Amino acid sequence: MTGHTPSRRGSVADTAAARAAAPCERGATVWLTGLPSAGKSTLAFALAERLRAEGHKVEVLDGDEIREFLSKGLGFSREDRHTNVTRIGFVAEKLAANGVKVLAPVIAPFADSRAAVRERHDANGTVFLEVHVATPVELCAQRDVKGLYAKQAAGEISGLTGVDDPYEAPESPELRLRTQGREVADSAAELHAFLSDRGLA
C-alpha cells in the first residue's frame, strides 16, 4: 500500500506559524526582582488579571506563598535563599514549558541564583525574562507594606535585603521598570507592552 506521508518539516513549520500567530499559546517565565515593598507582587497580580482576560494561562508564583508551602523550613542564609530561588525557578520552567505565563515576583537578591534559573530555562529552550522593578530603597521604606523596614530600624529584625543584607541589582535585565511616581496600572501597561513586543501578549 502506498501513499503520501506529510514531511515532518511541514508540520514543524505549521506549528511554528501557529505559535507565532497565537501569543496565548506561548509560555514564558517573567521574573520580577526588586527590593522588599518595591511593588513586585502588586504589579504581577495586575498584569496577571489583564493577561487572563485576554485568554492566557497565567500563574503567579508569589515569594511569600512559596516560602509557606514549598520552602517551609528554609531560613534566610545565602544558601537557603539560593535553594528557595532555584526551587521556584524549577517550578516556573515546568509551567512555562507547557504554555503558561509564569509571573514570579521574588526578590532573588543574588545574581548567581537568578543566573542559575536562567540557565535551566535556556537549557530547555524556555523563555526567561528578567524584569528589575527598580524602586529606590527610600520609597520602599516609605511604603513598607509588611512593616519590615520599621522592624529593622527598631532592631527587631536583621538581614533585610537592601538595607543590612545584600541586594545585587541586575546589570542587564530584559526590562528595567522604574515605578517611582507612577501608578500601578501604568507600570503594568509598560510590562504588557514589553511582552507584546516579544510576541507573548
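Residues numbered from 1 in each chain as written. Predicted model: local features only at pLDDT ≥ 70, side-chain atom pairs only at ≥ 80, totals over all residues. Heavy atoms only, no water.

Student: Residue-level account of the pairing of strand 3 (residues 101-105), with values.
Tutor: Burial runs high along strand 3: five of the five residues are buried. Along strand 3, one buried face is formed by Lys101, Leu103 and Pro105 and the opposite face, lined by Val102 and Ala104, is buried too. Two elements, strand 1 (residues 28-33) and strand 3, share five bridges in a ladder whose sense is parallel. Bridged to leucine 32 within strand 3 is proline 105. Where strand 2 (residues 58-60) and strand 3 come together, three bridges link them in parallel fashion. Along strand 3, the bridge assignment pairs valine 60 with leucine 103. (Buried < 20%, exposed > 50% of the residue type's maximum accessible area, 1.4 Å probe, protein only. Helix = DSSP H or I, 4+ residues; strand = E, 2+ residues; numbered from the N terminus. Pairing = 2+ DSSP bridges.)

Student: Explain the packing of aromatic side chains to me, and be specific about the residues and the numbers.
Tutor: Throughout the structure, instances matching the rule amount to one aromatic pair. Over the ring of phenylalanine 76 we find arginine 67; its NZ or CZ atom is 4.0 Å from the centre of that ring. Here the guanidinium or amino end of arginine 78 rests over the ring plane of phenylalanine 110, the centre of that ring lying 3.9 Å away. (Phe/Tyr/Trp six-rings, centres within 6.5 Å; stacked < 30°, edge-to-face > 60°. Lys NZ or Arg CZ within 6 Å of the ring centre and 35° of its normal.)

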